[in-house]
Amino acid sequence: MKLHRLLLAPSLGTILIFMALPIALTTLYSVLTPAQHGGVIWQPSGEAYVRLMFERDIFDDTLSFNADYLQILGRSALQAGFATILCLLIGLPTAWFIATRPPAQKSLWLMLVTVPYWVNLLVRTIALLLMLRDEGPINGALQSMGLTDGPLPLAYNNFAIGLGLVSSFLPFMILPLYAAIERFDFSLLEAAYDLHASRWQAVWSVILPILRPGLIAGGLLVFIPGIGSYLAPDILGGGKTLMLGNLIGMQFQGSRNWPFGAALSTVLMSVTLIALILVARRAAREAA
Amino acid sequence: MQDHGDACRLTGLGRTYGRGASAHHALGGIDLAIRANEFFTLLGPSGCGKTTLLRLIAGFDQPTVGEIAIFGRNVAGMPPEDRPVNTVFQHYALFPHLTVAENVGFALRMLGRPRTEIAATVARMVELVGLEGMEKRRPDQLSGGQKQRVALARALAPGPKILLLDEPLSALDAKLRQRMRSELKALQRETGITFVFVTHDQDEALAMSDRIAVMQGGKVQQLGRPEEIYEAPANRFVADFIGGANLIPARMGPEGAVAEGLGTIPATGTGGAEVTLAIRPERLAILPAGGHQPGDLGPLTVAERIYMGNELSFRLEGAAVPLHVTLPRGGLRGALDFAPGDRVALRPEAGAIRLLAS
Ligand SMILES: Nc1ncnc2c1ncn2[C@@H]1O[C@H](COP(=O)(O)OP(=O)(O)OP(=O)(O)O)[C@@H](O)[C@H]1O
Ligand SMILES: [Mg+2]
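Since the model is a prediction, treat every value here as computed from it, not as a measurement. (Residues numbered from 1 in each chain as written. Chains lettered and ligands numbered in written order. Predicted model: local features only at pLDDT ≥ 70, side-chain atom pairs only at ≥ 80, totals over all residues. Heavy atoms only, no water.)

Draft legend 1. Seen up close, the sheet that holds strand 4 (residues 65-70) of chain B. All names here are of chain B. Spatially, four strands are ordered 2-1-4-5 in an open sheet, and the strand pairing comes out antiparallel. At either end of the open sheet lies a strand with only one pairing partner, and these are strand 2 (24-35) and strand 5 (73-74). One ladder, built from five bridges, connects strand 1 (residues 6-17) with strand 4; its direction is antiparallel. Residue pairing in the sheet places T11 in a bridge with E67 of strand 4. (Pairing = 2+ DSSP bridges. Helix = DSSP H or I, 4+ residues; strand = E, 2+ residues; numbered from the N terminus.)

Draft legend 2. Local environment of the pairing of strand 16 (residues 297-307) of chain B. Residue and element names in this part refer to chain B. Pairing geometry for strand 16 and strand 19 (residues 343-348), over three bridges, is antiparallel. Residue pairing across strands places T301 opposite R343, the latter belonging to strand 19. With six bridges connecting them, strand 16 and strand 17 (residues 311-317) associate as antiparallel partners. From the neighbouring strand, T301 faces strand 17, where its bridge partner is E317. Here strand 16 hands over to strand 17 after three residues, with G309 in that stretch at a positive phi of 80°.

Draft legend 3. The sheet that holds strand 7 (residues 162-166) of chain B, seen in detail. All names here are of chain B. Pairing within the open sheet is mixed, and its six strands lie in the order 6-7-8-3-9-10. In the strand order of this sheet, the two ends are held by strand 6 (85-88) and strand 10 (219-224), each with one partner. For this sheet the average axis-to-axis angle between neighbouring strands, irrespective of direction, equals 20°. Sheet topology places strand 9 (residues 211-216) next to strand 10; five bridges connect them, and they run antiparallel. Bridge pairing links I212 to G224 in strand 10. Strands in contact with helix 5 (residues 174-191) are strand 3 (39-43), strand 7 and strand 8 (194-199); relative to strand 8, the strand with the most contacts, it is inclined by about 160°. (Axes fitted to C-alpha atoms, helices over the stretch in contact; angles between N-to-C directions. Contact = heavy atoms within 4.5 Å.)

Draft legend 4. Geometry of the domain arrangement of chain B. All names here are of chain B. Domain boundaries assigned for chain B yield domain 1 (36-51 + 80-238) and domain 2 (245-357). Distance between the C-alpha centres of domain 1 and domain 2: 39 Å. Regarding the contact of domain 1 and domain 2, the summed buried area is about 720 Å², with carbon and sulfur atoms giving 46% of it. On the domain 1 side of the contact with domain 2, Y230, P233 and R236 bury the most area, a combined 71% of that side's loss. For the pair domain 1 and domain 2, the interface holds four residue pairs in polar contact (both at pLDDT 80 or more). (Domains from an automatic or database assignment. Buried area = accessible area lost by both parts, 1.4 Å probe. Polar contact = N/O pair within 3.5 Å; in protein donor to acceptor, adjacent residues only side chain to side chain.)

This is the structure:
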């Protein structure tokens, strides 16, 4: 064995122990039977997957279609999708601004983008909740200025969850976009104008297509953690609207149905993986 | 003000970067009238402001002072996409995500022309630059020369009245550059489009241009036909930059200009004035020092013999500055040869010596 292969050992070991094994274990748990007080009984069962779409009658064991869980999945995807689009609309101009600063200023701006990460996510989410509360500073200011009569319902709803997602994941959009814009050859923009493109045409026909790898990377980095996010729905949504992350969390806590929680995780992982493969395939086809 | 003879008229044009103490005058006091259907070349060393001038004409940059008129119309404040001008960029700037055909058709698509017209024009342009069969390729699948042709076809497709070319041949190897020179020149004649061509290569400029503006330090040093520029340089810079003339310091005496180590060259001027004599290396005959005739310069000593294949060149010492003489190989003149240390004299061709104010 050559020495340079040994250099790989720590990272391979880490990936094996902390990623591959847990994923395999989760998938395995999803096809076992739940034990009474959490945990699993080592007896194969497809029940967890049946539960995703069907409800079993307690008395006669017949199955009837149940869209509750699919709805939760759809709602989570929609919520994450909105957050992704919002991050894109905010992130693209921000990344453009940073990438076009003089070199000395760039690193300062990039550091500012990462400043929120110096504070724990839980604390940040709670701080956001304090801002949005009925008695919070935003509603207080609106009322004292006489703009609203009562408090606006800012917290404990989908709006608050979306805001939470955007504020947690925005840097994941900005950084890959920044990297893409940094590599962008600005003489292409001059060429576009020279060839009679208007500003919008230049954006659509030149900038966006060339930045697409960065847009896709940023989109995935926001969407994937967004669809399974736990803290924002739990704290900012007040647990009122159930999202996928909370549903999964519940299975390992109160409901104590580990196989069902594992099955939900497996489905989420598979959906993500399929989406990734489709994106990668398309990128490969276009590069050819 | 309407003057259809001029494709592009620059009046008192200047561009200054920065301000105050750090201000840099990239261009100053440019007055030029580029005629319609002309192959016009901006020639000058690196950093003399050629690209800056092209960018002002294209509309990517705004002049600090002065005016630009394109076909009689003042274009101040007009954005690049509205000017009847297209550019072949120094590094091509082809769109990497588009095919050759899509690159060439880009401008027409932006102008919203019908599909059939775009397809027809693209086919015509691709044929014009000889890229048939490569329509589906992307820029990264092309060689340097092919990219250059795509850039050319792309800029020609919308039918510009003026084509700006920023050192379009500089990235090509010598052989291809030679061929592209003839092709570009032929293309300009066929299309009748006004070409404003930027280069720092004097051979390129002399071979292709109808007229040349020699630039230095943000100013036009001389404007004229290639022959005028070469045969009658207006100043030291032009004489040196084009063809590398021998520049010899001299002082006006009663019978002409007296140059150290060379003798007296017949000329008229104010007595005692410092002047510069400019002589092209190939307009001097070199002979053994013995048979000295009146009018010959020297005697001088051969310091170096430089063989360059198609010509033979000597560096001579004995005057105020080292002199260079170039002989074409073959023919009668080529029969003469000298070695370092030989004593020689120089016989200038009639009218070969130009007197420049110092
Ligand atoms: N954006 C800018 N800011 C400051 N100075 C500039 C800027 N652009 C050009 N200059 C300066 O203006 C001068 C002319 O530049 P320009 O690019 O026109 O030269 P050029 O003749 O095209 O040279 P080259 O043959 O190397 O391309 C140079 O001294 C350059 O440093
Ligand atoms: Mg230049």
